[in-house]
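# Residue-level structural notes
Chain by chain, the residues:
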Amino acid sequence: MRLGYILRNSLFLLTFFVFSFNNSLYSAVDVPTPESATDAKAVEGMDLFKANCAACHAVDKKVIGPALNGVWDRWESEESLHAWIKNSQAFLATGDAYANNLYNEYNKSVMQSFPTLTDEQIANILVYVKGKANGIDPGAPAADPNAATTATPSNGGNSKYVLIGIVLLLLILALALISITNKLDKVVNKTEETDVATTKKSRNKKIVKALLAIAVIAFILNIANGAIHLGRSQDYAPEQPIRFSHALHVGQNQIECQYCHSGVEKSRHASIPGTQVCMNCHKSVQEGPKYGKEEIAKIYDYAGWNPDAMKFERAPKNIEWVKIHNLPDHVYFNHSQHVVAGKVECQTCHGKVEEYEVMKQFAPLSMGWCINCHRETNVQFADNNYYSVFEKYHEEIKKGEREGVTVEDIGGTECQKCHY
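Residues numbered from 1 in each chain as written. Predicted model: local features only at pLDDT ≥ 70, side-chain atom pairs only at ≥ 80, totals over all residues. Heavy atoms only, no water.

## Remarks on the overall build of the protein chain
When its secondary structure is counted, the protein chain shows 17 helices and 2 strands. A burial count over the protein chain gives 25% of its 420 residues as buried. On the protein chain, roughly 29,100 Å² of surface is accessible, and the fraction owed to carbon and sulfur atoms is 57%. (Helix = DSSP H or I, 4+ residues; strand = E, 2+ residues; numbered from the N terminus. Buried < 20%, exposed > 50% of the residue type's maximum accessible area, 1.4 Å probe, protein only. Areas by Shrake-Rupley, 256 points an atom, 1.4 Å probe, with all protein chains shown as cover.)

What follows is the structure, encoded as structure tokens:
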């Protein structure tokens with residue numbers, strides 16, 4: 001980038017120097033005054049062209065700027081061309097398509113503005129350019145038929161030697177630039193190699209940082225997920241002190257849940273049955289179909305029962321059952337509310353208990369699970385005195401305006417209903 005910048009500016013200065021020197025030679029030539037008005041405009045246009053345009057433009061070739069031959073045909077109107085010459089930056093701001101394309105084509109090089117030129121002077125410059133393009137040079141002396149045929153010596157010879165000297169100077173400068181360029185290329189290549197190594201090292205650092213960030217995010221998500229599931233034990237099925245089969249008692253023998261869990265209709269707790277409830281049946285049933293006498297003997301030991309003497313010989317001991325379903329201390333749940341008022345079946349929350357050989361936690365018992373149930377479950381309004389206070393809903397159901405009432409409709413998703 002820096003090398004290209006140096007070369008561009010150097011060549012620009014050299015070109016500017018050549019054309020400036022060439023203009024100074026032309027300005028020393030006396031231009032005879034033509035007799036016609038058209039020649040007068042061309043002569044004035046030539047002088048204006050050399051003074052203002054020749055440093056960057058030629059008639060028939062591209063220099064710093066484009067060749068001016070045919071410029072009058074490339075612009076949409078003469079007014080646009082005049083405005084461009086007087087103030088190119090202001091005209092670019094109008095959004096003219098050709099002007100902006102020209103500006104971009106020449107690497108956004110700003111054309112010098114000529115606000116002092118009048119429309120007539122610009123027109124004279126164009127007259128000169130048109131004539132020059134057609135091979136007419138208004139600066140050439142008119143032929144005199146009475147003049148002698150012997151050529152008059154002029155300063156053209158001296159100018160030729162000066163131009164040759166300039167060409168030699170340019171060659172010397174070009175060689176110097178090539179030498180400087182080679183040295184700069186070596187420096188640039190070495191710098192680029194260093195930059196590549198630095199870039200690679202920087203990229204490796206970014207990769208390491210990205211991996212570290214991903215690891216931290218994963219760690220945080222893992223902690224958050226663990227915190228969310230803290231205290232939950234879905235599918236938890238611990239080993240109990242006595243192997244008790246719900247499949248046998250509830251499924252095969254058709255014993256109602258409420259027979260053993262008598263508190264389910266009266267209390268917030270379902271209650272775990274004591275040994276006396278077990279002994280109501282096992283005074284007579286001393287051997288099971290799967291575990292034989294082994295597990296029933298454990299019941300006798302806890303109850304203080306002597307099966308041979310058929311009597312209690314000592315005080316009973318509590319069976320230390322392992323609790324399966326646990327809720328946080330700040331959560332309120334009432335079994336009787338759900339079983340009696342809501343008519344909720346045990347299997348809704350506990351799964352198909354009648355098929356469990358080993359009791360387990362069926363539901364996640366999360367807040368989201370409870371709220372979704374309250375949003376989707378219709379309560380049993382018919383013949384349920386508990387919901388008699390909701391007269392509005394009863395009337396809407398009778399009129400056919402409502403198909404059912406969810407737990408959410410009667411306030412079942414309010415925070416204070418389940419949290420202290």
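## Observations concerning the pattern of salt bridges
In the structure shown here, the tally under the stated rule is 10 salt bridges. Of the charged contacts, one joins Lys86 and Asp119 as a salt bridge, the two residues approaching to 2.8 Å between their closest N and O atoms. Within this pair, whereas Lys86 is found in helix α4 (residues 78-86), its partner Asp119 is found in helix α7 (residues 119-133), the two being separated by 33 residues in sequence. When salt bridges with common partners are traced through the structure, they connect Arg243, Glu295 and Lys298 into a single cluster. (Salt bridge = Lys/Arg side-chain N within 4 Å of Asp/Glu carboxyl O.)

## A few points about the state of the cysteines
All told, the structure shown has 0 disulfides when counted by the stated rule. We note that Cys349 lacks a disulfide partner, and the nearest cysteine sulfur, in Cys373, lies 6.4 Å from it. What makes Cys349 buried here is its relative accessible area of 18%. Residue Cys373 is classed as partly exposed on the basis of its relative accessible area, which comes to 29%. (Disulfide = S-S within 2.5 Å.)

## What about the side chain of Ser80?
The residue Ser80 is located in helix α4 in this model. Not counting residues within four places of it along the chain, the set of residues in contact with Ser80 comprises Trp75 and Phe91. (Contact = heavy atoms within 4.5 Å.)

## Some remarks on a nonpolar patch on the surface
Together, Tyr161, Ile164, Val167, Leu168 and Leu171 line one region of the surface with nonpolar side chains, adding up to about 520 Å² of accessible area. Residue position: Tyr161 is located in helix α8 (residues 156-228). (Patch = residues over 30% accessible without salt bridge, like charges linked within 9 Å, V, L, I, M, F, W, Y side chains within 5 Å.)

## Structural notes on unusual backbone geometry
Positive phi, close to 70°, is recorded for Asp235, a residue that is not glycine. As for its position among the elements, Asp235 is in the loop between α8 and α9 (246-252). At Lys343, a position not held by glycine, the phi torsion is positive, near 55°. With respect to the secondary-structure elements, Lys343 resides in the loop between α13 (335-341) and α14 (346-350).

## Some details on the nonpolar core
With 25 residues, the main nonpolar core has Phe49, Trp75, Trp84, Ile85, Leu117, Ile125 and Val129 as its most contacted residues. Within the residue set of this core, elements represented by two or more residues are α2 (37-52), α4, α5 (88-92), α6 (97-105) and α7. Counting residues per element, this core draws most heavily on α7, which supplies 5 residues. Apart from residues no more than four positions distant in its own chain, Val129 is found in contact with Phe49, Val59, Leu68, Asn69 and Trp72. In this structure, Ile242, Ile296, Tyr300 and Ala303 belong to the second largest nonpolar core, which totals 9 residues. (Core = buried A, V, L, I, M, F, W, Y, C linked by side-chain atoms within 4.5 Å.)

## Regarding the packing of α4 against α7
At a minimum axis distance of 11 Å, the contact between α4 and α7 shows a crossing angle of 105°. Classified by the angle between their axes, α4 and α7 sit roughly perpendicular to one another. Counting all contacts with α4, which are made through Leu81, His82, Ile85 and Lys86, the residues of α7 involved are Asp119, Ile122, Ala123 and Leu126. Of the residues that constitute the contact of α4 with α7, the class distribution is 5 nonpolar, 1 polar and 2 charged. (Axes fitted to C-alpha atoms, helices over the stretch in contact; angles between N-to-C directions. Parallel < 35°, antiparallel > 145°, perpendicular 65-115°, else oblique. Nonpolar A, V, L, I, M, F, W, Y, C, P; charged D, E, K, R; others polar.)

## Focus: helix α12 (residues 294-303)
Within α12, burial applies to Glu295, Ile296, Ile299, Tyr300 and Ala303. Along the axis of α12, the buried positions cluster into a sector of 155°, meaning they face one direction only. Looking at the buried side of α12, the elements it contacts are α11 (275-282), β1 (305-306) and β2 (311-312). A positive backbone phi angle near 75° is found at Gly304, which sits one or two residues after α12. (Arc of directions from axis to C-beta.)

## A closer look at the packing of α11 against α12
For the pair α11 and α12, interaxial distance at closest approach is 10 Å and the crossing angle is 130°. Classified by the angle their axes make, α11 and α12 are oblique. You can see that α11 and α12 cross each other, and the crossing is left-handed. Contact residues: Thr275, Cys278, Met279 and His282 in α11; Ile296, Ile299, Tyr300, Tyr302 and Ala303 in α12. (Left-handed = near helix turned anticlockwise from the far one by under 90°.)

## Regarding α4
All of the buried residues along α4 are Ser80, Leu81, His82, Trp84 and Ile85. Of the surrounding elements, those touching the buried residues of α4 are α3 (71-74), α5, α6 and α7.

## Quick notes on the packing of aromatic side chains
Enumeration according to the criterion identifies 10 aromatic pairs in this entry. Centroid distance Phe381 to Phe390: 6.4 Å. Interplanar angle 35°. Geometry classified as tilted. Their ring planes at 90° and their centres at 5.1 Å tell us that Tyr386 and Tyr387 sit as a pair that is edge-to-face. Taking the relative accessible area as the measure of exposure, Tyr386 reaches 43% and is therefore partly exposed. By the ring-pair criterion, three or more aromatic residues cluster together here, those being Phe381, Tyr386, Tyr387, Phe390 and Tyr393. Taking the ring centre of Trp72 as reference, the NZ or CZ of Lys130 above it sits at 5.1 Å. (Phe/Tyr/Trp six-rings, centres within 6.5 Å; stacked < 30°, edge-to-face > 60°. Lys NZ or Arg CZ within 6 Å of the ring centre and 35° of its normal.)

On their own, these measurements won't tell you what the molecule is for.
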